[in-house]
Amino acid sequence: MSDWAERDANRQSFDAAADRYQRARPEYPAELFDSLIELADLTPGAHLVEVGCATGKATLPLARRGFRITAIELGASLCEAARRNLAEFGAVDVVRSTFEAWEPPAGQRFDLVFAATSWHWVDPDVRYRKAARLLAPGGCLALWSATHVFPEGGDPFFREIQDVYDEIGDALPPDATWPTAQELPDSNDEIERSGRFEVVALLRFGWEIDYDADAYIDLLETFSSSLTMSPDKRDYLYAKIRARLATRSDPVLHRGWGAALHVARRL
């Protein structure tokens, strides 16, 4: 199986996590949306396209700010969840499709195409070309992901649990890094190599969320790495997580999150 074929198969695994995705995945910082709106020169009523909305984690904050949104989502169950979560917003339309296959009504163009923790799932031979074609003159592309980061002095749990991942054959690659939010890599070169966009800004955001064992395992159950893991390995990993957290005086882990917001204007 090619790398892209495997990635395409993995992106379809998220539909199995539709029931827990909204509660388990982190909220993005309000400051991220405020910055996005300013950098992309968006005004209320602007029409946005979202790539891979899942249950609407990024859609809701923008819908509340008065934007029209066409939200594209591959998974049937995720689409149903997004429609429930966004039901009060008549200007939001959730469409079941891949971004690659979806087409708007003839002649319709948009002010922003955005992808929150989903752009890496889109075919790299299509994504920038398609986004540029959908945008009106002066329109922008915005990309960001919620990523595990490791603040200075942060919780050591994640380094300590790596021996369990080693045991189940899911070890980190030798070149794995442990970035802080401000050390997250950027995609500026990739965006500009497309020949269709000029990067306007890159901003990095960091935040932290506390999890007990149940909440953390709920979160892991929304990641493709867990969803595609064999049940015996998954059960062993989760049992070890519970056991190690139980030895703490306060059985909570503190997970750092980071996001690198890229805003690029169509050439």
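(A) The arrangement of the pairing of strand S3 (residues 92-96) in detail. Examined bridge by bridge, strand S2 (residues 68-73) and S3 share 5 bridges and lie parallel to one another. Looking across to S3, one finds that Thr70 is bridged to Asp93.

(B) The packing of helix H10 (residues 213-220) against helix H12 (residues 231-246), seen in detail. At a minimum axis distance of 10 Å, the contact between H10 and H12 shows a crossing angle of 150°. One element, H10, and the other, H12, form an angle in the roughly antiparallel class. The interaxial crossing formed by H10 with H12 has right-handed handedness. Here Ala213, Asp214, Tyr216, Ile217 and Leu220 of H10 come into contact with H12, specifically with Tyr238, Ile241, Arg242 and Leu245. Grouping the constituent residues of the contact of H10 with H12 by class yields 7 nonpolar, no polar and 2 charged.

(C) The packing of aromatic side chains, seen in detail. Using the criterion set out here, one finds 13 aromatic pairs in the structure. Residues Tyr28 and Trp144 carry aromatic rings whose centres are separated by 5.8 Å and whose planes lie at 85° to one another, so their mutual orientation is edge-to-face. Within this pair, whereas Tyr28 is found in the loop between helix H2 (18-24) and helix H3 (30-39), its partner Trp144 is found in strand S5 (residues 135-144), the two being separated by 116 residues in sequence. By relative accessible area, which is 2% here, Trp144 ends up buried. Arranged with centres 4.7 Å apart and planes meeting at 65°, the rings of Phe150 and Trp178 form a pair that is edge-to-face. With Phe150 in the loop between strand S6 (147-149) and helix H7 (157-160) and Trp178 in the loop between helix H8 (162-167) and helix H9 (188-193), this residue pair connects regions lying 28 residues apart in the sequence. Here Trp178 falls in the partly exposed class, since its relative accessible area comes to 24%. Ring pairs connect the aromatic residues Phe150, Phe157, Phe158, Trp178, Tyr211 and Tyr216, which therefore count as one cluster. The residue whose ring lies beneath Arg255 is Trp257, and the NZ or CZ to ring-centre distance is 4.4 Å.

(D) View of the pattern of salt bridges. Tallied over the full model, the rule gives 14 salt bridges. In this structure, Arg20 and Glu221 form a salt bridge, with 4.0 Å as the shortest nitrogen-oxygen distance. One end of the pair, Arg20, is in helix H2; the other, Glu221, is in the loop between H10 and helix H11 (224-227), with 201 residues separating them in the sequence. A salt bridge links Arg23 to Asp218; the nearest nitrogen and oxygen atoms lie 2.6 Å apart. Note that Arg23 is positioned in helix H2 and Asp218 in helix H10, a separation of 195 residues in sequence. With relative accessibility at 57%, the residue Arg23 sits in the exposed group. Assessed through its relative accessible area of 18%, Asp218 is described here as buried. Each member of the salt-bridge network shares a partner with another, and the members are Arg20, Arg23, Asp218, Glu221 and Arg234.

(E) Looking closely at the pairing of strand S4 (residues 110-116). Across the 7 residues of S4, 6 count as buried, placing the element largely inside the fold. Pairing analysis gives 3 bridges linking strand S1 (residues 47-51) to S4, with the strands arranged parallel. Residue Leu48 lies in a different strand from S4, and its bridge partner there is Leu112. Bridging between S4 and S5 involves 6 bridges; their strand directions are parallel. In the sheet register, Val113 faces S5, and the bridge partner there is Leu141. Between the parallel elements S4 and S5, the chain passes through helix H6 (residues 127-134) in a crossover that is right-handed.

Calculation criteria
- Residues numbered from 1 in each chain as written.
- Predicted model: local features only at pLDDT ≥ 70, side-chain atom pairs only at ≥ 80, totals over all residues.
- Heavy atoms only, no water.
- Pairing = 2+ DSSP bridges.
- Helix = DSSP H or I, 4+ residues; strand = E, 2+ residues; numbered from the N terminus.
- Axes fitted to C-alpha atoms, helices over the stretch in contact; angles between N-to-C directions.
- Parallel < 35°, antiparallel > 145°, perpendicular 65-115°, else oblique.
- Left-handed = near helix turned anticlockwise from the far one by under 90°.
- Contact = heavy atoms within 4.5 Å.
- Nonpolar A, V, L, I, M, F, W, Y, C, P; charged D, E, K, R; others polar.
- Phe/Tyr/Trp six-rings, centres within 6.5 Å; stacked < 30°, edge-to-face > 60°.
- Buried < 20%, exposed > 50% of the residue type's maximum accessible area, 1.4 Å probe, protein only.
- Lys NZ or Arg CZ within 6 Å of the ring centre and 35° of its normal.
- Salt bridge = Lys/Arg side-chain N within 4 Å of Asp/Glu carboxyl O.
- Right-handed = clockwise from strand over helix to strand, strands pointing away.

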